[in-house]
Amino acid sequence: MVHHSGSIQSFKQQKGMHTSISEILKEKSLKPSRRSLPCLVQSQTHPINLNHFLSVPLNPAPKPEADGLSQSVSTSCSLLPPHTAEEGEDLCVEEPEVSSCEPRAEESIPAQKPVSRAKLEARADSVQGKTPVGSSGLFFRDGKKRIDYILVYKKSSPQVEKRCTFEKNLRAEGLMLEKEPSLTNNDIMFVKIHAPWDALCKYAEQMNIRMPFRKKCYFTDWKSKTLGRFHRRCRQFKSWLPRNPMKLDKEALPDLEETDCYTAPFSRARMHHFTINNRETFFSNSTRSRIVHHVLQRTKYEDGKSKMGINRLLGNNTYEAAFPPHEGGYKSRHPIKTHGAQNHRHLLYERWARWGIWYKYQPLDLIRRYFGEKIGLYFAWLGWYTGMLIPAALVGVFVFLYGLFTMDSSQVSKEICEANTTIMCPMCEDTCEPWTLSDSCVYAKVTYLFDNGGTVFFAIFMAIWATVFLEFWKRRRAELTYDWDLIDWEEEEEELRPQFEAKYSRRERVNPISGKPEPFQPFSDKLSRLMVSVSGIFFMISLVLTAVFAVVVFRLIAMEKFASINLYFVKKNWQFATSGTGVCINFMIIMSLNVVYEKVAYLLTNLEHPRTESEWENSFALKMFLFQFVNLNSSTFYIAFFLGRFAGRPGKYNKLFDRWRLEECHPSGCLIDLCLQMGVIMFFKQIWNNFMELGYPLLQNWWSRRKMKKGGSGGQNIENKSQLPQWDQDWNLQPMNAHGLVDEYLEMVLQFGFTTIFVAAFPLAPLLALLNNIIEIRLDAYKFVTQWRRPMPARATDIGVWHGILEGIGVLAVITNAFVIAITSDYIPRFVYAFKYGPCVENSEDECLRGYMNSSLSVFEMTAADGNQTRYCRYRDYRAPPWSAVPYEFTLQFWHVLAARLAFIIVFEHLVFGIKSFIAYLIPDMPKDLCDRMRREKYLMQEMMYEAELEHLQKERKKNGRRYHHEWP
């Protein structure tokens, strides 16, 4: 006989080794270890929240039998309604389904306080929105089976045999089906799918879905106890302060149980370990939909290895659509504060999608619960990006205000505005006349707003900001993946795309992961297709450059036309008119080419024949980014680095096609043209994107409702949309974009590029981005909640290929800002003059830039029309005067400025890249306390699984009065 403590110690050391249960059960008592005891005690309490209300059973469950097993027999309803006899060829008889043994709920959970049946019904109705079946459309006709998925097909579709086989196999997998005709279209039929408890448990185990196991407890030592007292005092002090208006009220959103519980992969053999209050709500609606989607993806519709999956049936028009249903309406006649939320969709609308709460934090846990982790991560990233834009916008506004308040004291602006006697050379060949430098006073002041002493500081700040943003996002993502239980989640082996299988069905090889034969794409075929795709990409980029060249030609022609107009206002501001019209024409070309690029990217991606959907999405996203990035920024690069660099000099101007004189910069610099280009494109593009995101779906849904009211599709004339069942309402909504979240990420990543790449020339870009994103969050929320069908809740651990693109943009931003400061702005020429040629070189004066404007202008000898009188004009360049030994050659000051520009680029890039690398090294990707928590919880999970198994075995021994002689399971 082994001693009690010895047996327990040996068992803890072995844990799953070949130790017989009978040796353990011989002992008198088994006590849980003191380390895991607090966890077991805490697991007895559960938060009273929305999930608890949903989990309160309205009917008492029958007591389990002596052996702990219960049988439940569910007889399905007829699949077809009585009035659809015209579908005689479509009949699929559903057989009665007998569920397997269902383990009972955990006995260790204490009974809740007695609550009257009327109160329970009121709570359930107010929270979950349980209304009569005909009006809610969330259940089968019996009012008990919840609808987990909806398939839509047309009665006129010829794919009857495939559909019947598919539905028969779905029932064989354990799912329940029920058909319902559409009330708005006689040709539409809905197939409602319900997953019973047995099917949910079976596939949850196969998919390794993690479910709540025990309440979380946290390790406490002297350090954490001290910090705990400090945090309590801080909370007490904060309670005296005004409440943060950005935080949502605790009463407004319920706590979600999963965020406060340990989780473990679900197992039917160890179901007694899990916190099962109610089988109807143990699996959330999104989890149930994901399980059903998993079954739909792997059910056959014909004999053959590849004849399976709902995606193929959607592709060959067997079904028109497949989607999980929304949880009811998003509006209520009663206020949410007094009557509570009807469902999670209503709660999301009231606490997330309404415009009145634009300043509130997003309820990320609820978004994740309703739409899945992939969409939740997108909104988490968007919210994080928007929050990080706040300091960038504040610094940008500070730089702009600094230029605004010091504008009148600028020495350069003063010299330009007071240069009434300085005659400038004509800006065009025939129709232009010499003009005075003081005419450009307004341009000089506006340029100073964006080109002042704070420009270099702001460029360095934004480069560091981009690094801090990405590094802290990694930490935020790690916290979210921990809170959302995605740390140990591994992406499932994806199924092959139907197009890939159809193309390469004759070639097969064994999949190294699954060990099954699958179609195979030869390397030579893959390489040839990739080369064609790359050639298409370069062709489209060349098309962008052609469009930019066309805009340049337009600017040259418009410059001559505006200069020849005799109106005083136009003749005085012809350069501004040329830039403004050029920007508007360029914006229209950009938006037109974007439509072409999307179609070309779609064709090129399909030409490559990607193996899986994720590979297709990554390839398509990369092409769309390349196309739209080049399309959006090519003209900006031209203005920043090429405009006015090759114009020549008076008497020797360079001409395009020997016809049009190349455009040159204004005497105050080219930066004002770059600011105008960025401001117009960024402003109008954001307005257009917001209209297409919300306005277009609103118009489409309005048109659908209009046709529905008229009964144009042969259905009933429905005056009120709320009279329709939920499946009909969802069918009349717009489906989510075919490309998923690609368009959403693409818009924000392009904005991130605009905000960082040329931010030295336009410090107000972060402010515009911040204002747009505040609107964007609510627009996207409103669109997902009210205008789109509910997407399939997908899982993800990061934002995918977009993180690498963001890091690439951050590197490019450092380089471009260095060139903008060194080449486009006048910062380097002013710096060289102040420390080499200005009055401060010999004498210590405050006005080191006095005389800078005269130093930056060269002299050109003009001959009068009669040829007798000689006149002189000034132009912007560093060239020798006409009376020197080498007239019109570059002066020494030009080479000093050029050397200083090159040196600044090298120093700036190395300094900023060094700072970025150092900051990235200092900031770990995962917080240290999170690492410790994960390791601690892994240890506690092993302890709790062991203790829970011992507790279960003790109860079984007391209950049955017999010993077990089989090995440890």
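Quick notes on the rules
Residues numbered from 1 in each chain as written. Predicted model: local features only at pLDDT ≥ 70, side-chain atom pairs only at ≥ 80, totals over all residues. Heavy atoms only, no water. UniProt positions renumbered as here; feature names shortened; annotations may be inferred. Helix = DSSP H or I, 4+ residues; strand = E, 2+ residues; numbered from the N terminus. Buried < 20%, exposed > 50% of the residue type's maximum accessible area, 1.4 Å probe, protein only. Contact = heavy atoms within 4.5 Å. Areas by Shrake-Rupley, 256 points an atom, 1.4 Å probe, with all protein chains shown as cover. Phe/Tyr/Trp six-rings, centres within 6.5 Å; stacked < 30°, edge-to-face > 60°. Pairing = 2+ DSSP bridges. Axes fitted to C-alpha atoms, helices over the stretch in contact; angles between N-to-C directions. Disulfide = S-S within 2.5 Å. Lys, Arg positive; Asp, Glu negative; His and termini not counted. Salt bridge = Lys/Arg side-chain N within 4 Å of Asp/Glu carboxyl O. Core = buried A, V, L, I, M, F, W, Y, C linked by side-chain atoms within 4.5 Å. Parallel < 35°, antiparallel > 145°, perpendicular 65-115°, else oblique. Left-handed = near helix turned anticlockwise from the far one by under 90°. Nonpolar A, V, L, I, M, F, W, Y, C, P; charged D, E, K, R; others polar. Patch = residues over 30% accessible without salt bridge, like charges linked within 9 Å, V, L, I, M, F, W, Y side chains within 5 Å. Expected span 1.5 Å × (residues − 1). Bend = angle between axes of the 7 residues up to and from the residue. pLDDT = per-residue confidence, 0-100.

Per an unreviewed UniProt entry, the recorded name for the chain is Anoctamin, and the organism is Takifugu rubripes. In its Sequence similarities (unreviewed entry) section, UniProt records this for the chain: "Belongs to the anoctamin family."

Novice: Got a minute to help me understand the overall build of the chain in this structure?
Specialist: Within the chain, the regular secondary structure consists of 33 helices and 20 strands. By residue count, 51% of the 969 residues in the chain fall in the buried class. The long-range share in the chain, meaning contacts at least 24 apart out of those at least 6 apart in sequence, stands at 76%. When the accessible surface of the chain is split by element, carbon and sulfur atoms take 59% of a total near 47,700 Å².

Novice: Can you help me understand the UniProt feature "transmembrane region" (unreviewed entry) in the chain in this one?
Specialist: UniProt's entry tags residues 378–405, 455–473, 530–554, 574–597, 625–648, 749–771, 799–823 and 898–923 with the feature "transmembrane region" (unreviewed entry), counted in the numbering of this structure. Secondary structure across residues 455–473 divides into 100% helix and 0% strand, with the first and last C-alpha atoms of the span separated by 27 Å. Segment residues 530–554 splits into 100% helix and 0% strand. End C-alpha atoms: 36 Å apart.

Novice: How should I be thinking about the packing of aromatic side chains in this particular structure?
Specialist: Given two aromatic rings, their pairing is described by the distance between the two centres and the angle made by the two planes. On inspection of all chains with the given rule, the structure shows 52 aromatic pairs. Both rings, one in Trp197 and one in Phe282, keep their centres 6.1 Å apart while their planes meet at 55 degrees; by these two values the pair is tilted. Taken together, the residues span a long stretch of sequence, with Trp197 in helix H8 (residues 197–206) and Phe282 in helix H10 (residues 279–282) at a distance of 85 residues. For the pair shown, Trp197 and Phe282 are each scored as buried. Arranged with centres 5.7 Å apart and planes meeting at 55 degrees, the rings of Trp197 and Phe283 form a pair that is tilted.

Novice: Can you walk me through the sheet that holds strand S6 (residues 176–181) in this structure?
Specialist: Pairing between the strands of a sheet comes from backbone hydrogen bonds, and it takes one of two forms, parallel or antiparallel. Strand order in the open sheet made by the 4 strands is S6-S7-S5-S10, with antiparallel pairing throughout. The open sheet has two edge strands, S6 and strand S10 (321–323), and neither has a second partner. Taken pair by pair, the neighbouring strands of this sheet meet at an average axis angle of 20 degrees, ignoring direction. Relative to the sheet, helix H11 (residues 285–297) contacts strand S5 (149–154) and strand S7 (188–194), its axis offset from that of S5 by approximately 45 degrees.

Novice: Even after reading the chapter, I still don't get the state of the cysteines, so can you show me in this structure?
Specialist: Linking two cysteines covalently via their sulfur atoms produces the bond known as a disulfide. Inspection of every chain in the model, using the stated rule, returns 3 disulfides. Note on cysteine connectivity: Cys840 is disulfide-linked to Cys848, with sulfurs 1.8 Å apart. Judged by the torsion about the S-S bond (-90 degrees), the Cys840/Cys848 disulfide is left-handed. Under the relative-accessibility criterion, Cys848 is labelled partly exposed at 24%.

Novice: What is the right way to look at the side chain of Asp728 in this model?
Specialist: On the secondary structure map, Asp728 appears in helix H26 (residues 726–731). In this structure, Asp728 is buried with no salt-bridge partner, the nearest side chain bearing the opposite charge being Arg789 at 9.7 Å. When residues no more than four places from it in sequence are discounted, the contact partners of Asp728 are Ser182, Leu183, Thr184 and Phe190.

Novice: How should I be thinking about the pattern of salt bridges in this particular structure?
Specialist: Pairing between side chains of opposite charge can happen when their charged atoms approach one another. Applying the stated rule across the entire model yields 27 salt bridges. Of the charged contacts, one joins Glu167 and Lys179 as a salt bridge, the two residues approaching to 3.3 Å between their closest N and O atoms. Highlighted residues: Glu167 in helix H7 (residues 160–172) and Lys179 in strand S6, separated in sequence by 12 residues. The class of Glu167 is buried, set by a relative accessible area of 0%. One salt bridge in this structure joins Glu180 and Lys192, with 3.0 Å as the shortest N-O distance. Of the two residues, Glu180 sits in strand S6 while Lys192 sits in strand S7, which places them 12 residues apart along the sequence. With relative accessibility at 16%, the residue Glu180 sits in the buried group. A network of salt bridges, in which partner residues are shared, links Arg141, Glu178, Glu180 and Lys192.

Novice: Teacher, can you tell me more about the environment of Met388 here?
Specialist: Here Met388 lies in helix H16 (residues 373–405). Separated by 382 residues in sequence, Met388 and Leu770 have C-alpha atoms that sit 9.0 Å apart. Not counting residues within four places of it along the chain, the set of residues in contact with Met388 comprises Trp465, Val468 and Phe469.

Novice: Would you mind showing me how to read the nonpolar core here?
Specialist: Generally speaking, nonpolar side chains in soluble globular proteins are found buried as a group. Formed by 149 residues in total, the largest nonpolar core has its most connected members in Trp352, Phe371, Trp381, Tyr385, Trp465, Phe625 and Trp802. When residues of this core are assigned to their parent elements, the largest contribution, 15 residues, is made by H16. In this view, Trp802 contacts Ala621, Phe625, Val742, Tyr745, Leu746 and Val749; residues no more than four positions away in its chain are not counted. Within the second largest apolar cluster, 41 residues are counted, among which are Tyr153, Met189, Phe213 and Phe266.

Novice: Explain the packing of helix H15 (residues 364–371) against H16 here, please?
Specialist: Between two packed helices, the angle of one axis relative to the other and the distance separating the axes together describe the packing. In the contact formed by H15 and H16, the axes pass within 7 Å of each other and the chain directions differ by 150 degrees. The angle between H15 and H16 falls in the class roughly antiparallel. Helix-helix and strand crossings are classified by hand; for H15 and H16 the assignment is right-handed. The segment H15 lies against H16, with Leu364, Ile367, Arg368 and Phe371 engaging Glu373, Ile375, Gly376, Phe379 and Ala380. Along the lines of polarity and charge, the residues of the contact of H15 with H16 split into 6 nonpolar, 1 polar and 2 charged.

Novice: Where do I start with the environment of Ala769 in this structure?
Specialist: Of note, Ala769 is situated in helix H28 (residues 765–787). Assessed through its relative accessible area of 0%, Ala769 is described here as buried. Note: C-alpha distance between Ala769 and Gln686 (83 residues apart in sequence) is 8.8 Å. Those residues in contact with Ala769 that sit more than four places away from it in its chain are Tyr385, Leu389, Met682, Gln686, Gln751 and Thr755.

Novice: What should I look at first to understand the pairing of S7 in this one?
Specialist: A regular strand places its side chains on the two faces of the sheet in alternate fashion. Counted residue by residue, S7 has 7 buried out of 7 residues, so it is predominantly covered. Where S6 hands over to S7, the hairpin turn is made up of 6 residues, counted between the paired strands.

Novice: Help me out: how do you make sense of unusual backbone geometry in this one?
Specialist: Note: most residues except glycine have negative phi, and most peptide bonds are trans. A positive phi angle, close to 55 degrees, is found at Asn208, a residue other than glycine. Looking at the secondary structure, you find Asn208 in the loop between H8 and strand S8 (210–215). Its identity is not glycine, yet His609 carries a phi of approximately 55 degrees, on the positive side. Considering the arrangement of structural elements, one finds His609 in the loop between helix H23 (574–608) and helix H24 (613–641).

Novice: Please explain a nonpolar patch on the surface as it appears in this structure.
Specialist: Side chains of Tyr837, Phe890, Leu892, Trp895, Leu898 and Leu902 sit close together on the surface and give an oily, nonpolar patch of about 570 Å² of accessible area. With 4 residues, the single largest contributor to the nonpolar patch is helix H32 (residues 892–922). Mapped onto the secondary structure, Tyr837 falls in helix H30 (residues 827–837).

Novice: I keep staring at H24 and nothing clicks. Help me out?
Specialist: Think of an α-helix as 3.6 residues a turn; residues three or four steps apart then line up on the same face. Over its 29 residues, H24 runs 40 Å from end to end, which matches the ideal 42 Å to within 8%, given 1.5 Å per residue. For H24, the principal kink sits at Asn633 and spans about 40 degrees. A large share of H24 lies buried, amounting to 21 of its 29 residues.

Novice: Please clarify how the confidence of the model for the chain should be interpreted in this entry.
Specialist: Close inspection of predicted coordinates is inappropriate for parts of the model with low pLDDT. Chain-level pLDDT for the chain is 76 on average; 76% of the residues reach the 70-or-more range. Here residues 964–969 scores under 50 on pLDDT; set against residues more than four positions off or in separate chains, the count is 23 contacts.

Novice: What exactly am I supposed to notice about the packing of helix H17 (residues 411–418) against helix H18 (residues 441–450) here?
Specialist: Close contact between H17 and H18 brings their axes to 8 Å; oriented N to C, the two are set at 170 degrees. By the criterion of interaxial angle, the relationship of H17 to H18 is roughly antiparallel. Contacts from Ser413, Ile416 and Cys417 in H17 reach Cys441, Ala444, Lys445 and Tyr448 in H18. Across the contact of H17 with H18, the residue classes break down as 5 nonpolar, 1 polar and 1 charged.

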